[in-house]
Amino acid sequence: MENLRKFVAPEIVFGPGALQLAGRYARNLGANRVFLVSDPGVVHAGWTEAVVRSLDAADLKWALFTEVSPNPRAEEVMAGADRYDQEACDVILAVGGGSPMDCAKAIGIVHTNHRHVLEFEGVDRVDDPGPPLICIPTTAGTSSDVSQFAILSNRFEKRKIAILSKSVVPDVALVDPEPTTTMDAYLTACTGMDALVHALEALVSNAGSELTDLHAREAVRRIFRYLPEAIEHPRDIAARQQVMFGSLAAGLAFSNAGLGAVHAMAHSIGGLFDLPHGECNSLLIDHVVRFNWPQAGHRYATLADSLGVSLEGLSSGATCETIMEALSRFRHRIGITARLRDRGIRRKDIPQLARLAVDDPCMATNPVAPTTNDIETVYAQAL
Ligand SMILES: [Fe+2]
């Protein structure tokens, strides 16, 4: 039975204009009053209002919840679940990046299961699914709109928690590249790198399959080819659509194959230092490639064409250096030039970061099972 592979995905509508189907889909899901989860940045960019217009056109009532931080907090989820009950809503609609979407997922399961959100931490800890959930991503990065993951911040313990469950896969993902045209260059770069790392981690995951490989490879190809273009020409909908497709493919891959050491390590940095998730991933990826190389080098090497490098005649060591350099060059080219130390991380922080990272559920699918010492070494290299 160990050769059987499962692949879970929501109903997906992809393409410019998908956002405008919000009202119709909410109605199809039986909505009377929609709980709209967003955040101040997305409201400011006008995308929340665009969704509201669609709900109004479908004659639906709605309540808006925007008290969501960039790294969404457990207490915000609990406040959101209270509001959901007070407003007597029956469908949840998230519009935004990973933060509002993860918060919306968690609000749903808190509402249904009547438990504190921190009790769902880990793999398959959710008994009952939440109310119907529609997600409209406004970044091409986290792909929370198709994934089995919700990541939250436990501020009291200064760490992130991961909820992995089929119960948090949205019912509908309306994946529209138009909202990504208002992201600034750095947010585009960080979220795009997050998507790229999703694909890379899914491709070498020890729970991957042909189905997830297919998506992961295509994601790497498109993101590498089109992300710089989307940054240079932010309003170019064709480039944005390619990156959005890459992000979607990466999301389908990682949701079903799992992630790895980059995410485990990025989560512990994000929890302790409250830094942007995509940036954390970007600063770690090449170093994790080196660490994983003995086990997974042959898989990374299959990406040479997509990464625009030739590996002909190279030794395994030189192949590893070439792939690492390609990733590092790419990140610099799109404007992510910092090191961990530039973000306030010090050598003394490494033991605590490493302890948290080895326990992160994402580490379970990394191709090499690391010791805490191994992870300390990788952090030190990225410092
Ligand atoms: Fe991520």
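The following refers to the structure shown. (Residues numbered from 1 in each chain as written. Predicted model: local features only at pLDDT ≥ 70, side-chain atom pairs only at ≥ 80, totals over all residues. Heavy atoms only, no water.)

Consider a sheet: its strands pair through backbone hydrogen bonds, and that pairing is either parallel or antiparallel. Pairing is mixed across the open sheet formed by three strands, whose spatial order is β5-β8-β7. For this open sheet the edge positions go to β5 (122–123) and β7 (149–154), each flanked by a neighbour on one side alone. Taken together, the six bridges between β7 and strand β8 (residues 159–164) define a ladder with antiparallel strand orientation. Paired with N154 across the strands is R159, a residue of β8. Across the face of the sheet, helix α5 (residues 98–113) comes into contact with β7 and β8 while running at roughly 90° to β7. (Pairing = 2+ DSSP bridges. Helix = DSSP H or I, 4+ residues; strand = E, 2+ residues; numbered from the N terminus. Contact = heavy atoms within 4.5 Å. Axes fitted to C-alpha atoms, helices over the stretch in contact; angles between N-to-C directions.)

A contiguous nonpolar patch, built from V43, W62 and L64 and spanning about 210 Å² of accessible area, is present on the exposed surface. Within the secondary structure, V43 is located in helix α2 (residues 40–45). For V43, a relative accessible area of 36% translates into the label partly exposed. (Patch = residues over 30% accessible without salt bridge, like charges linked within 9 Å, V, L, I, M, F, W, Y side chains within 5 Å. Areas by Shrake-Rupley, 256 points an atom, 1.4 Å probe, with all protein chains shown as cover. Salt bridge = Lys/Arg side-chain N within 4 Å of Asp/Glu carboxyl O. Buried < 20%, exposed > 50% of the residue type's maximum accessible area, 1.4 Å probe, protein only.)

Here the focus is the packing of aromatic side chains. Taken as a whole and judged by the stated rule, the model has six aromatic pairs. Between the aromatic rings of F35 and F65, the centroid separation amounts to 5.8 Å while the plane-to-plane angle is 25°, which identifies the pairing as stacked. Here F35, found in strand β2 (residues 33–37), pairs with F65, found in strand β3 (residues 61–65); they are 30 residues apart in sequence, far enough to count as distant. This pair shows no difference in class: F35 is buried, exactly as F65 is. Ring pairs connect the aromatic residues F35, F65 and Y84, which therefore count as one cluster. (Phe/Tyr/Trp six-rings, centres within 6.5 Å; stacked < 30°, edge-to-face > 60°.)

It is worth spelling out the coordination of the iron ion at this point. Here the iron ion is held by D194 (OD), H198 (NE2), H263 (NE2) and H277 (NE2), and the distances to it run 2.1 to 2.2 Å. Around the iron ion, the four donor atoms sit at angles spanning 84 to 168°, and that spread fits a shape best called irregular. Within one chain, the residues serving as donors to the iron ion are arranged as D-x3-H-x64-H-x13-H. Taken as a pair, D194 in helix α6 (residues 185–204) and H263 in helix α9 (residues 261–273) lie far apart in primary sequence, 69 residues in all. (Donors = N, O, S within 2.8 Å, 3.2 Å for Na, K, Ca; no water. Tetrahedral: all angles 85-135°; square planar, octahedral: opposite > 155°, others 65-115°.)

In space, the six strands of this open sheet follow the order β1-β9-β6-β4-β2-β3, with parallel pairing throughout. The outermost strands of the open sheet, each flanked by one partner alone, are β1 (11–14) and β3. Neighbour-to-neighbour, the strand axes of the sheet open up by a mean angle of 20°, direction not taken into account. Of the strand pairs in this sheet, β2 and β3 are connected by five bridges, and their pairing is parallel. Following the sheet pairing, F35 is matched in β3 by A63.

Applying the stated criterion across every chain, the model contains 13 salt bridges. Measuring nitrogen to oxygen at the nearest pair gives 2.6 Å for the salt bridge that ties D213 to R299. On the criterion of sequence distance, the pair formed by D213 in helix α7 (residues 210–232) and R299 in helix α10 (residues 277–301) is long-range, its members being 86 residues apart. In this structure D213 comes out as buried when scored by relative accessible area, which is 13%. It is possible to trace a salt-bridge network through shared partners that takes in R33, R83 and E87.

Here we come to the nonpolar core. Of all hydrophobic cores here, the largest spans 84 residues; its most connected members are L196, I269, L284, L340 and Y379. The greatest single-element share of this core, amounting to eleven residues, is contributed by α6. Apart from residues no more than four positions distant in its own chain, L196 is found in contact with V220, I223, F224, L327 and F330. One finds A81, I109, V117 and I163 within the second-largest nonpolar core, a separate group that totals 29 residues. (Core = buried A, V, L, I, M, F, W, Y, C linked by side-chain atoms within 4.5 Å.)

Relative to the helices and strands, I375 resides in helix α14 (residues 372–382). On the accessibility criterion, I375 (0% relative accessible area) is buried. Sequence spacing of I375 and R355 is 20 residues, and the spatial spacing of their C-alpha atoms is 8.5 Å. In contact with I375, not counting residues within four places along its chain, are M265, A354, A357, V358, M363 and P370.

It is worth spelling out the layout of surface pockets at this point. Of the pockets and cavities examined, the largest pocket occupies roughly 880 Å³. When contributions to the lining of the largest pocket are tallied by element, the ones reaching two or more residues are α2, α5, β7, α6, α9 and α10. If one sorts the elements of the lining of the largest pocket by residue count, α6 sits on top with five residues. Here the residues of the lining of the largest pocket are counted per class, giving 19 nonpolar, 19 polar and six charged. What the second largest pocket holds in volume is close to 450 Å³. Considering each element in turn, the lining of the second largest pocket owes the most residues, three residues, to helix α8 (residues 237–257). Per-class residue counts for the lining of the second largest pocket are nine nonpolar, seven polar and three charged. (1 Å grid on protein atoms, 1.4 Å probe; cavity = no way out; pocket = protein on both sides within 12 Å on 5 of 7 lines; lining within 4 Å. Points joined across faces, edges and corners; volume = space filled by probe spheres on them. Nonpolar A, V, L, I, M, F, W, Y, C, P; charged D, E, K, R; others polar.)

Here the focus is α9. Since one α-helical turn is 3.6 residues long, residues separated by three or four positions face the same way. Helix length check: α9 (13 residues) gives 18 Å between terminal C-alpha atoms against 18 Å at 1.5 Å per residue, within 8%. The element α9 is extensively covered by neighbouring structure, given that twelve of its 13 residues are classed as buried. When we look at burial in α9, the residues that qualify are A261, V262, H263, A264, M265, A266, H267, S268, I269, G270, G271 and L272. Packed against the buried residues of α9 are β7, β8, α6, α10, α13 (350–359) and α14. Two residues or fewer past α9, D274 is found with a positive phi of approximately 55°. (Expected span 1.5 Å × (residues − 1).)

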